[in-house]
Amino acid sequence: MMSLLNRLEDEIVPYIVQIGVGGTGSSVAQQVAQMLSIHGKGVYVLVDPDIVEEKNLNNQLFTSANIGFPKAEILAKRYSAAYHIPCYSFTERYVEDVQTIDRIFSESLSTFRTYGSRLLPIIIGTVDNNFTRKVIHDFFNHSHVSSLLYIDAGNESVDVPHDVGQRPIEEWNDEELKRYNESGWTGQVVCGLKLQSSVLLEPIANLYPDILTSDDDIAPSTLSCEELSASDPQRLITNRFAAMIVSSYIAEVLNNSTISKHHTVFHAQRGYMKSKTI
C-alpha cells in the first residue's frame, strides 16, 4: 500500500478530469460524482464532444430526452445539480494533443488555487481508442507535469460479424455465434502515478506497450460519422465492471489517501476480478 500523504499535504483535494463518457465513462461519472459529494472537496471535469444518439440508450446513462445534446454536458449538469458538486464539461473537441489537456486543467484550476499543493490532478481515461491513450501517456510523461494520478479503463469488444447491421442473429452460423458468446467479457484497469516528478506506478502504455505501436493512429475528429457509428460493440455488464473498478481506485484515494493496487483484470461473465497489489 502506498500513502499519498507521505508525499503531499495532510489532505488531498482531487482535481479529476475524465476523458470519455460513453459505455464505461457514463457509469464512472455517476459513481465518482456521488463520492465527491460525500468527500466534500474537489472538482470534476467531464470531457467528450460526442452527441447522445438513440443507440447509446442501451448501455449508457442517457434518456431519450438527451438525444442530440453533448454527452459530457448532460452528465455534468445532471450530477452537479444532484450532488451539489463543481462538475463541468468540455465538449469543444476531442483530446488529440497534450495542449488540450493542459487547457482543460488550467481553465478550472484558477477557481481552486486556494487549495495549493493539496490539489491532486487525476485523469480517468475511459476511451475506446489508442490514439487518445497515446496523448494521455505523453501528458503523463511530460516534464512540466510533476504530479498526476492516471487511471485507465479498457475492455474487450464483442466479436460480431462485419454485416451485423444487415443480418439478424438468427442467421449467424455456429462459428459466428461462438465468437459472439465468448467475447466482450474481459477488461483491465491500470493506475499510473507520478508525484514530484517521480514515476511511482507505471501507466497503462508501459504495461501494454502495444498501445504505443498500435496502428490506431487516426484522430477521432478525422473519422466520418459512419466510422464513428461503427465503433466496437460492448457489453453492458462489462462496462459496469470496469466502472466499478475505476471507482474503487478513486474511493480509496478519497477515503484513505492511499493506493493499494496497480493493475486490475476482470471477467464480467465469470464474475471475478484480480488485482496486482502494491
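The rules we used
- Residues numbered from 1 in each chain as written.
- Predicted model: local features only at pLDDT ≥ 70, side-chain atom pairs only at ≥ 80, totals over all residues.
- Heavy atoms only, no water.
- Helix = DSSP H or I, 4+ residues; strand = E, 2+ residues; numbered from the N terminus.
- Buried < 20%, exposed > 50% of the residue type's maximum accessible area, 1.4 Å probe, protein only.
- Polar contact = N/O pair within 3.5 Å; in protein donor to acceptor, adjacent residues only side chain to side chain.
- Contact = heavy atoms within 4.5 Å.
- Axes fitted to C-alpha atoms, helices over the stretch in contact; angles between N-to-C directions.
- Parallel < 35°, antiparallel > 145°, perpendicular 65-115°, else oblique.
- Left-handed = near helix turned anticlockwise from the far one by under 90°.
- Nonpolar A, V, L, I, M, F, W, Y, C, P; charged D, E, K, R; others polar.
- Expected span 1.5 Å × (residues − 1).
- Pairing = 2+ DSSP bridges.
- Right-handed = clockwise from strand over helix to strand, strands pointing away.
- Core = buried A, V, L, I, M, F, W, Y, C linked by side-chain atoms within 4.5 Å.
- Phe/Tyr/Trp six-rings, centres within 6.5 Å; stacked < 30°, edge-to-face > 60°.
- pLDDT = per-residue confidence, 0-100.

Trainee: Is there a simple way to think about the side chain of Thr126 in this case?
Mentor: Within the secondary structure, Thr126 is located in the loop between strand 5 (119-125) and helix 4 (130-141). Taking the relative accessible area as the measure of exposure, Thr126 reaches 10% and is therefore buried. Within the structure, Thr126 has its side chain in polar contact with the backbone oxygen of Gly20 (distance 2.5 Å). Filtering out sequence-adjacent residues up to four positions away, Thr126 remains in contact with Gln18, Ile19, Gly20, Val21, Thr24, Gly25, Val28 and Ala153.

Trainee: Looking at this model, I keep getting lost on the packing of helix 1 (residues 25-39) against helix 9 (residues 236-256). Mind explaining?
Mentor: The description of two packed helices rests on the angle between their axes and on the distance between the axes. One can describe the packing of helix 1 onto helix 9 by two numbers: an axis separation of 9 Å at closest approach and a directional angle of 20°. It follows that helix 1 is roughly parallel to helix 9 by the angle criterion. Judged by the sense of rotation from one axis to the other, the crossing of helix 1 with helix 9 is right-handed. Residue-level contacts link Ser27, Val28, Gln31, Val32, Met35, Leu36 and His39 of helix 1 to Arg240, Ala243, Met244, Val246, Ser247, Ile250, Ala251 and Leu254 of helix 9.

Trainee: Mind showing me how you'd approach the packing of helix 1 against helix 2 (residues 71-83) here?
Mentor: Where helix 1 meets helix 2, the closest approach of the two axes is 10 Å, and the angle between their N-to-C directions is 25°. Our classification of the angle between helix 1 and helix 2 gives roughly parallel. Viewed along their axes, helix 1 and helix 2 form a crossing whose handedness is right-handed. Across from Ser26, Ala29, Gln30, Ala33, Gln34 and Ser37 in helix 1, the residues of helix 2 making contact are Leu75, Tyr79 and Tyr83. Considering only residue class, the contact of helix 1 with helix 2 consists of five nonpolar, four polar and no charged.

Trainee: In this structure, what is going on with helix 1? I would like to understand it.
Mentor: Because each turn of an α-helix spans 3.6 residues, side chains separated by three or four positions end up pointing in the same direction. End to end, helix 1 covers 20 Å across 15 residues, agreeing with the expected 21 Å (1.5 Å per residue, within 8%). Regarding helix 1, the residues found buried are Gly25, Ser26, Ser27, Val28, Ala29, Val32, Ala33, Met35 and Leu36. Of the surrounding elements, those touching the buried residues of helix 1 are strand 2 (13-19), strand 3 (43-47), helix 2, strand 5 and helix 9.

Trainee: I keep staring at the pairing of strand 2 and nothing clicks. Help me out?
Mentor: Put simply, side chains in a regular strand alternate between the two faces of the sheet. Of all seven residues in strand 2, seven are buried; the element is thus mostly enclosed. Neither face of strand 2 is open: one carries Val13, Tyr15, Val17 and Ile19, the other Pro14, Ile16 and Gln18, and all of them are buried. Judged from the seven bridges that link them, strand 2 and strand 5 form a sheet pairing that is parallel. Bridging from a neighbouring strand, Pro14 pairs with Leu120 of strand 5. Strand direction decides the pairing type here: strand 2 and strand 3, joined by five bridges, are parallel. Within strand 3, the residue paired with Val17 across the bridge is Val45. The parallel pair strand 2 and strand 3, bridged by helix 1, forms a crossover whose chirality is right-handed.

Trainee: For this particular structure, what's the right way to read the nonpolar core?
Mentor: Soluble globular proteins tend to pack their nonpolar side chains together in the buried interior. Val32, Tyr44 and Leu46 are the most contacted members of the largest nonpolar core, which totals 48 residues. Listed by contribution, the elements that provide at least two residues to this core are helix 1, strand 3, helix 2, strand 5, strand 6 (148-155), strand 7 (186-195) and helix 9. Among the elements that take part in this core, helix 9 stands out by supplying 10 residues, more than any other. Other than its neighbours up to four places away in sequence, Tyr44 contacts Ile16, Gln18, Val28, Ala29, Val32, Ala33, Leu36, Ile85, Pro86, Cys87 and Tyr88.

Trainee: Looking at this structure, I do not really get the pairing of strand 5. What am I missing?
Mentor: For strand 5, a buried count of six out of seven residues is recorded, marking the element as mostly surrounded by other parts of the structure. Where strand 5 and strand 6 come together, four bridges link them in parallel fashion. Counterpart to Ile123 in the pairing with strand 6 is Tyr150. Viewed along the sheet, the connection from strand 5 through helix 4 into strand 6 turns out right-handed.

Trainee: When you look at the packing of aromatic side chains in this model, what are you seeing that I'm missing?
Mentor: Two measures describe an aromatic ring pair: the distance that separates the ring centres and the angle between the ring planes. Following the criterion strictly, the structure yields five aromatic pairs and no others. Each ring, one from Tyr15 and one from Phe105, has its centre 5.1 Å from the other, and the planes form 45°; the classification is tilted. Residue Tyr15 is found in strand 2, and its partner Phe105 is found in helix 3 (residues 98-109); the two are separated by 90 residues along the sequence. No difference in accessibility class separates Tyr15 from Phe105, as the two residues are buried.

Trainee: How should I be thinking about the confidence of the model for the protein chain in this particular structure?
Mentor: For any part of a model where pLDDT is low, the fine detail of the predicted coordinates should not be relied upon. For the protein chain, the average pLDDT comes to 89, and 89% of its residues sit at 70 or higher. Low pLDDT, under 50, characterises residues 224-230; the predicted model gives this stretch six contacts beyond four residues in sequence or across chains.

Trainee: Would you mind going over helix 9 with me for this structure?
Mentor: The first and last C-alpha atoms of helix 9 sit 30 Å apart over 21 residues, in line with the 30 Å expected at 1.5 Å per residue. Just past helix 9, the residue Ser257 takes up positive phi, approximately 60°.

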